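In case you want the letters, here they are:
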Amino acid sequence: MVAVLAQDDLDAAIALGLLSANFDDGIVCRQCTDACTQALRSTREARLRALAARERYRARNLRLQRRADERAAQRAAAPAPEHALGNTADHVIADTSPPATQRPALPSAAAAALARAKAKAAQRGPT
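All values derive from a computational prediction rather than experimental measurement.

Chemist: I would appreciate a short explanation of the side chain of arginine 44 in the present structure.
Modeler: You can see arginine 44 is positioned in helix α4 (residues 34-77). Under the relative-accessibility criterion, arginine 44 is labelled buried at 17%. Of note is the side chain of arginine 44, whose polar atom sits 2.9 Å from the backbone oxygen of leucine 18. In this structure arginine 44 touches Leu18, Leu19, Ser20, Ala21 and Phe23, once residues within four positions along its chain are discounted.

Written out as structure tokens, the structure reads:
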């Protein structure tokens, strides 16, 4: 395996068991020194880290793609804003009941603040 790695043939080293589960049993060599064995272990650990990083990268890309698809689906399902329709006085709307999935135009806190502002403006009278 050392000779194969010296030739920079990583595929052959993997075929010889570089990434196998019983790697420590397979590197027993009477001619290898401790430095040689440590170099094999370091090479194996580096390759395992690289493979794990590749898997994390692929998982991240899948996650980002899924989120982008979800956002695109939400945009496609969202109703067109009124200003995109042009002058709303020219358009006749047959059904004025809101769909069941439509959210209110304003959050409740914003609607309450708007109502308070309108009441305060009405108390002051026309300007």
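Chemist: Help me out: how do you make sense of the pattern of salt bridges in this one?
Modeler: Pairing between side chains of opposite charge can happen when their charged atoms approach one another. Tallying each qualifying case throughout the model produces two salt bridges. Ionic pairing is found between glutamate 55 and arginine 58, a salt bridge with its closest N-O pair at 3.6 Å. Pair noted here: glutamate 55 and arginine 58 are both in helix α4, with a separation of three residues, about one helical turn. With its nearest N and O atoms 3.5 Å apart, the salt bridge here joins arginine 66 to glutamate 70. Remark: glutamate 70 and arginine 66 occur in helix α4; sequence separation between them is four residues, near one turn of the helix. Accessibility expressed as a relative area gives 42% for arginine 66, which makes it partly exposed. The class of glutamate 70 is partly exposed, set by a relative accessible area of 41%.

Basis of the calculations
Residue positions within a chain follow its written sequence, with the count starting from 1. Residues qualify for local features only when their pLDDT is at least 70, as the model is predicted, and side-chain atom pairs are given and counted only at 80 or more; totals for whole chains, interfaces and linings, by contrast, use all residues. With hydrogens and water stripped out, all remaining heavy atoms of the structure feed into the side-chain values. Think of it this way: any DSSP run of H or I at least four residues long counts as a helix, any run of E at least two long counts as a strand, and we number them from the N terminus. Think of it in three bands: residues with accessible area under 20% of the maximum for their type are buried, residues over 50% are exposed, and the middle band is partly exposed, with areas taken using a 1.4 Å probe on protein chains only. Pairs of N or O atoms are called polar contacts if they sit within 3.5 Å, as long as, within protein, a hydrogen donor faces a hydrogen acceptor (for residues adjacent in sequence, only side-chain-to-side-chain pairs). Contacts are assigned to residue pairs that have any heavy atoms within 4.5 Å of one another. Any carboxyl oxygen of Asp or Glu within 4 Å of a side-chain nitrogen of Lys or Arg constitutes a salt bridge here.

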